[in-house]
Amino acid sequence: MMNNDNGSLKNTIDTVLLAEFLGKLAGCTRSMGLYGRSHPVMQEMTDAAHQALAQVLSVNPVVTLAVVDAYLTLDSFPIEENPESVSALAETLDGHGVGEIAFSAGVTEDEIADLAEALCMTREDLSTRGGIIADVKNRGVTHIQLRSGFTPAEAREGQGPADVYEEALLVVEEALEAVHTGLRIPLPEIRAVVEDSLKSLTSDETALLALAGIRSYDRYLSEHSVNVCILSMVFARGLGIDQSIAVDLGISALLHDVGKVFIPEDVATKPGKLSEEEWEHVRRHPSAGARVLASMPGLPSLAPTIALEHHAYNDGTGYPSLVASRRPHMLSRLVAIVDTYDALTTDRPYRERWTGQQAVAWMLYEAPNRYDRQLMARFASTWDLYPIGSLVQLVNQQIGVVVGGSMKHPTKPTIKLISGSGQSKGAVNLHENADPGFEIKSLAQPVEALLPFTDRLLAA
Ligand SMILES: [Fe+2]
Ligand SMILES: [Fe+2]
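Residues numbered from 1 in each chain as written. Chains lettered and ligands numbered in written order. Predicted model: local features only at pLDDT ≥ 70, side-chain atom pairs only at ≥ 80, totals over all residues. Heavy atoms only, no water.

Asks: Is there a simple way to think about the overall build of the chain in this case?
Replies: Broken down by element type, the chain carries 20 helices and ten strands. Here the chain, with 460 residues, has 48% of them falling under the buried criterion. By element, 53% of the accessible surface of the chain is carried by carbon and sulfur atoms, the whole surface being about 21,300 Å². (Helix = DSSP H or I, 4+ residues; strand = E, 2+ residues; numbered from the N terminus. Buried < 20%, exposed > 50% of the residue type's maximum accessible area, 1.4 Å probe, protein only. Areas by Shrake-Rupley, 256 points an atom, 1.4 Å probe, with all protein chains shown as cover.)

Okay, here's the thing in structure tokens:
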């Protein structure tokens, strides 16, 4: 694995050589605008920049620089010499919203030329390509990674839940990408979005939760990570867990699946059954993720623990298998619940999503020992599977309205059966009724014709 941290690299990196490379990169960028990529002079210049960078990377395989106004800094120190040309380069990066630039061993001349070309483009042109970060990535550049600038706290005041959710998605995508390429994950940004999410949940829990319900295929892993983070913090708040622990929990939940970046794409998205060998890739993601997170200073120690244990179930099943005497950490057991809940309620290539009610019912009754019993009971009651007034459809196709008992028996409340004309056909306590036809099949779509009658039925 590559070195993920350049915490003390300033001592080992030849900063004079680094400054020389940056000067050459700045020169390439300036000339690219004048001559265009195919001009012979450009090939000489990118070759010279490449040679200087290759020397820097031969000592240390990853070098990450922060962009601070008109400076490029290493470990918070400006590079010894930031000549004017390098300052101009830093200003250009800053102007495009880049906060960090990382170079890793294996970088090619073409990648340097791609970066220089992107840096010459106007903001308008870049915006049609999704911004400079997306543009550089879309050119197939993998050994130079740009990351967005860190938005200062004052600028984030007044952000709505949608901004918070989107920012969390972007940050987690950067983190996943960084883990994939062996680079450092953007920890300050991660902490900031988790704190913002917690603040947003404190003022209005429902808005952020509603966003967690909207899914798309292509962002599955990042959306799943953000959702598990939000749901974990909501759940923890409901349990009265201290706010400071909630932030550590949120960060750890956000990163619980980073090990999935090591699962081959075709295995992760395979619609059919997995072979034993393919399963082996999947089973390795908790330990792979934990290993990466444990090597990153500054992360809560809870992060590698949760990454390792979120599929190690309470009854000793799951993976990896822990030593017999060890139960997963209480917060790993909490994340295991919301992790399964979110996975079950999302469309996947191999199955359609379940409703929240179906997911909780399955976890309660079909896998009763897998999850911490007490936590699971609290989770089910938080979700209130069938609140009073819900319209439900039974296995025998009849429609009913829930009139009570859902807190005590989350999947078997008492209902009143109703006919198509909205007439009550009598109450049935599903918990006491053993007829399999009298089991809830699904929440009935709110049938508009029936809605005016629900009040009357509840009052009856
Ligand atoms: Fe997982
Ligand atoms: Fe997960």
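Additional details are given in the paragraphs that follow.
Asks: It is not clear to me how the coordination of the iron ion (ligand 2) should be interpreted in this structure. Could you clarify?
Replies: Ideal values for angles at a metal depend on the geometry: 109.5 degrees with four tetrahedral donors, 90 or 180 degrees with six octahedral donors. In this structure, His224 (NE2), His256 (NE2), Asp257 (OD) and Asp339 (OD) serve as the protein donors to the iron ion (ligand 2), at separations of 2.1 to 2.3 Å. Its four donor atoms give the iron ion (ligand 2) angles of 78 to 173° at the centre, a pattern that matches the irregular case. We note that the donor set of the iron ion (ligand 2) lies within a single chain, spaced as H-x31-H-D-x81-D. In this structure, the iron ion (ligand 2) is positioned 3.4 Å from the iron ion (ligand 1), and both are ligated by Asp257. Here His224 is found in helix α11 (residues 220-238), whereas its partner Asp257 is found in the loop between α12 (243-254) and α13 (265-268), with 33 residues between them in sequence. Both residues of the pair, His224 and Asp257, count as buried. (Donors = N, O, S within 2.8 Å, 3.2 Å for Na, K, Ca; no water. Tetrahedral: all angles 85-135°; square planar, octahedral: opposite > 155°, others 65-115°.)

Asks: Would you take a moment to explain the environment of Leu25 for this structure?
Replies: Along the chain, Leu25 turns up in helix α1 (residues 15-35). With 87 residues separating them in the primary sequence, Leu25 and Ile112 have C-alpha atoms 7.7 Å apart.

Asks: Just checking my understanding: could you explain helix α3 (residues 84-95) for this structure?
Replies: Helix length check: α3 (twelve residues) gives 16 Å between terminal C-alpha atoms against 16 Å at 1.5 Å per residue, within 8%. Among the residues of α3, those classed as buried are Val86, Ser87, Leu89, Ala90 and Leu93. Down the axis of α3, the sector holding all buried residues measures 155°, keeping them to one side. At its buried positions, α3 is contacted by α1, β1 (62-68), β2 (71-74), β4 (98-104), α4 (109-120) and β5 (144-148). Among the residues trailing α3, Gly97 stands out with phi positive, at a value near 80°. (Expected span 1.5 Å × (residues − 1). Arc of directions from axis to C-beta. Contact = heavy atoms within 4.5 Å.)

Asks: Can you walk me through the pattern of salt bridges in this structure?
Replies: Pairing between side chains becomes possible if they bear opposite charge and their charged atoms approach one another. Summed over all chains, the structure comprises 19 salt bridges. Its salt-bridge partner being Asp114, residue Arg37 comes within 2.6 Å of it at the nearest N-O pair. Taken together, the residues Arg37 in the loop between α1 and α2 (40-59) and Asp114 in helix α4 connect sequence positions 77 residues apart. Arg37 gets classed as partly exposed once you look at its relative accessible area, which sits at 28%. For Glu173, the salt bridge is made with Arg219, and the minimal N-O distance between the two is 2.8 Å. Remark: Arg219 occurs in the loop between α10 (205-212) and α11 and Glu173 occurs in helix α8 (residues 161-181); sequence separation between them is 46 residues. (Salt bridge = Lys/Arg side-chain N within 4 Å of Asp/Glu carboxyl O.)

Asks: Would you take a moment to explain the pairing of strand β8 (residues 414-418) for this structure?
Replies: In regular strands, side chains alternate between the two faces of the sheet. Within β8, four of the five residues are buried, which leaves it mostly tucked inside the rest of the structure. Judged from the five bridges that link them, strand β7 (residues 399-404) and β8 form a sheet pairing that is antiparallel. Within β8, the residue paired with Gly404 across the bridge is Thr414. (Pairing = 2+ DSSP bridges.)

Asks: For this particular structure, what's the right way to read the side chain of Asp339?
Replies: Considering the arrangement of structural elements, one finds Asp339 in helix α17 (residues 330-344). Contact partners of Asp339, with chain neighbours within four places excluded, come to His224, Val228, His256, Asp257, His310 and His311.

Asks: For this particular structure, what's the right way to read the state of the cysteines?
Replies: Here, disulfide denotes a covalent bond that connects the sulfur atoms of two cysteines. The tally for this structure, following the rule as stated, stands at zero disulfides. Not engaged in a disulfide, the cysteine Cys120 finds its nearest cysteine sulfur in Cys28; these two sulfurs lie 9.5 Å apart. (Disulfide = S-S within 2.5 Å.)

Asks: Just to check I follow, could you spell out the side chain of Glu174 for this structure?
Replies: With respect to the helices, strands and loops of the structure, Glu174 is situated in helix α8. Although buried, Glu174 forms no salt bridge, and the nearest oppositely charged side chain, Arg147, lies 4.8 Å from it. (Lys, Arg positive; Asp, Glu negative; His and termini not counted.)

Asks: I'm lost on the coordination of the iron ion (ligand 1) in this one. Help?
Replies: Taken together, the protein ligands of the iron ion (ligand 1) are Asp257 (OD), His285 (NE2), His310 (NE2) and His311 (NE2), with distances of 2.1 to 2.2 Å. Viewed at the metal, the four donor atoms of the iron ion (ligand 1) are separated by angles of 85 to 174°, and the geometry they form is irregular. The motif formed by the donor residues of the iron ion (ligand 1), counted along the single chain, is D-x27-H-x24-H-H. Taking the relative accessible area as the measure of exposure, Asp257 reaches 1% and is therefore buried.

Taken by themselves, the reported measurements are silent on function.
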